[in-house]
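Structural overview for review
Okay, here's what each chain looks like letter by letter:
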Amino acid sequence: MKKRYLYLLLAPGLLFLTLFMIVPLILTVGSTLFKDGSFTFGIYLQFFKDSYFLDILGTTLLVSVATTLLCILIGFPVAYYLSMMPPRKKGILLALAIFPLLTSSVVRSFSWMIILGKNGLVNNVLIKLGIIHDPLSILYTPTAMIIGLVHLFLPLILITLVGVLESIDHDLVRAAQSLGASKLTAFRKIVIPLSIPGLIVGSILVFVGSLTAYTTPALLGGKKRVVATFLYQNAITLNDWQAASAIATIMMIITFIVIGLMNKAAAKFNPKG
């Protein structure tokens, strides 16, 4: 009786997810598999034979992977530092770190357009320092997209890593050092393996967010397409909803593959995690 009552509590949420998430996903994928009443993978074969789409897909994966790696390299030391702080100071610093989430991605992208433009802050500083003589073409390139996406998603990996790192018992590190391990060895053998779950979750959030982001790549990438802007072009400009559905399906499949690979990596590096 008690279990039946619990199932009834789950029913509204399951019904909502079924109607507004699972059913639309099934309809989206199903619309790409049938043409003129017959089952076919033709639209997918067409996409993967198209060098233009493969170039877009390659750019998207490059930007997503680079964004994820940079967020890890920048976010891990910061998160470790925050996890060692007293609670009050940590709360203030963490609030400052995640404050950009309160600002619209459109506003942040326009800010980067001003900073990275040929007459922007970066080029002006480099020219005044004598490092370059002609302005660099940073804006409307994959580099600009990566910079904007790192700024956009870095707080997400900070939040996940701080929660995991502050739960690590630092007596383990001190015990390893007392047994002759250096600080670097103790960090590599203890802190990093124990932080793998948070690192995996944060990496998935950043990668999936970068893979599906539209506003930042559209504003900072210019004519350089990514999968999300290509999907928008097919759906809104060309009114080809079947092609847009196929692109969305490909994005979902890539997301599931990446999540599976990251989970396998987590199990390998931290089998007990």
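Per an unreviewed UniProt entry, the recorded name for the chain is Spermidine/putrescine ABC transporter permease, and the organism is Paenibacillus rhizosphaerae. UniProt's Sequence similarities (unreviewed entry) comment on the chain is quoted here verbatim: "Belongs to the binding-protein-dependent transport system permease family. CysTW subfamily." Of the comments in the UniProt record for the chain, the one headed Subcellular location (unreviewed entry) reads "Cell membrane".

1. Thoughts on the nonpolar core
Within the largest apolar cluster, 59 residues are counted, with the highest numbers of intra-cluster contacts made by F47, F53, I157, L161, L165, I247 and I254. Of all elements in the fold, only α2 (42–49), α3 (51–83), α5 (105–116), α7 (142–165), α8 (171–178), α9 (183–212), α11 (227–237) and α12 (241–269) reach the threshold of two or more residues within this core. Here this core gets 13 residues from one element, more than from any other, and that element is α7. Not counting residues within four places of it along the chain, the set of residues in contact with F47 comprises F53, F230, A243, A246 and I247.

2. Quick notes on α7
Between the first and last C-alpha of α7 there are 32 Å, a value that for 24 residues agrees with the 34 Å anticipated at 1.5 Å per step. Along α7, the largest kink reaches about 40° and is centred on F153; proline P155 follows within four residues of it. A large share of α7 lies buried, amounting to 17 of its 24 residues.

3. Focus on the side chain of T141
Position of T141 among the secondary structure elements: in the loop between α6 (121–128) and α7. When its relative accessible area of 19% is taken as the criterion, T141 is described as buried. A distance of 2.4 Å separates a polar atom in the side chain of T141 from the backbone oxygen of I138. Once residues within four sequence positions are removed from consideration, T141 is found in contact with L220 and G221.

4. Quick notes on the packing of α5 against α7
Put simply, α5 and α7 touch, their axes get as near as 10 Å, and they point 135° apart. Between α5 and α7, the interaxial angle falls into the category oblique. Seen from above, α5 lies across α7 with right-handed handedness. Seen from α5, the contacting residues are S105, R108, W112 and L116; seen from α7, they are A144, I147, G148, H151 and L152. Here the contact of α5 with α7 is composed, by residue class, of five nonpolar, three polar and one charged.

5. Brief notes about the environment of N239
Here N239 is to be found in the loop between α11 and α12. Here the side chain of N239 touches W241 through a polar contact of 2.9 Å, side chain to side chain.

6. Overview of the UniProt feature "transmembrane region" (unreviewed entry) in the chain
Mapped onto this numbering, the UniProt entry annotates "transmembrane region" (unreviewed entry) at residues 52–80, 92–115, 144–165, 190–214 and 241–262. As annotated, residues 144–165 comprises 100% helix and 0% strand, and the C-alpha atoms at either end are separated by 31 Å. Split by type, residues 190–214 is 92% helix and 0% strand. Its first and last C-alpha atoms lie 38 Å apart.

7. Things to note about the packing of α3 against α9
Interhelical geometry of α3 versus α9 gives an angle of 140° and a closest axis separation of 9 Å. Relative to α9, the element α3 lies oblique. Considering only the axes of α3 and α9, their crossing is right-handed. Counted together, T60, L61, S64, V65, T67, T68, C71, I72, F76 and Y80 of α3 and F187, V191, I192, S195, L199, S203, V206, F207, S210 and L211 of α9 form the full contact between these two elements.

8. Quick look at the packing of aromatic side chains
Overall, the coordinates contain eleven aromatic pairs when judged by the stated rule. Aromatic pair F34 and F39: ring centres 5.6 Å apart, planes at 75°, arrangement edge-to-face. Judged by its relative accessible area of 46%, F34 is partly exposed. With 5.8 Å between their ring centres and 90° between their planes, F76 and F187 make a pair best called edge-to-face. Within this pair, whereas F76 is found in helix α3, its partner F187 is found in helix α9, the two being separated by 111 residues in sequence. Three or more aromatic residues joined by ring pairs make a cluster, and in this case those are F47, F48, Y52, F53 and F230.

Cut-off values and rules
Residues numbered from 1 in each chain as written. Predicted model: local features only at pLDDT ≥ 70, side-chain atom pairs only at ≥ 80, totals over all residues. Heavy atoms only, no water. UniProt positions renumbered as here; feature names shortened; annotations may be inferred. Core = buried A, V, L, I, M, F, W, Y, C linked by side-chain atoms within 4.5 Å. Buried < 20%, exposed > 50% of the residue type's maximum accessible area, 1.4 Å probe, protein only. Helix = DSSP H or I, 4+ residues; strand = E, 2+ residues; numbered from the N terminus. Contact = heavy atoms within 4.5 Å. Expected span 1.5 Å × (residues − 1). Bend = angle between axes of the 7 residues up to and from the residue. Polar contact = N/O pair within 3.5 Å; in protein donor to acceptor, adjacent residues only side chain to side chain. Axes fitted to C-alpha atoms, helices over the stretch in contact; angles between N-to-C directions. Parallel < 35°, antiparallel > 145°, perpendicular 65-115°, else oblique. Left-handed = near helix turned anticlockwise from the far one by under 90°. Nonpolar A, V, L, I, M, F, W, Y, C, P; charged D, E, K, R; others polar. Phe/Tyr/Trp six-rings, centres within 6.5 Å; stacked < 30°, edge-to-face > 60°.

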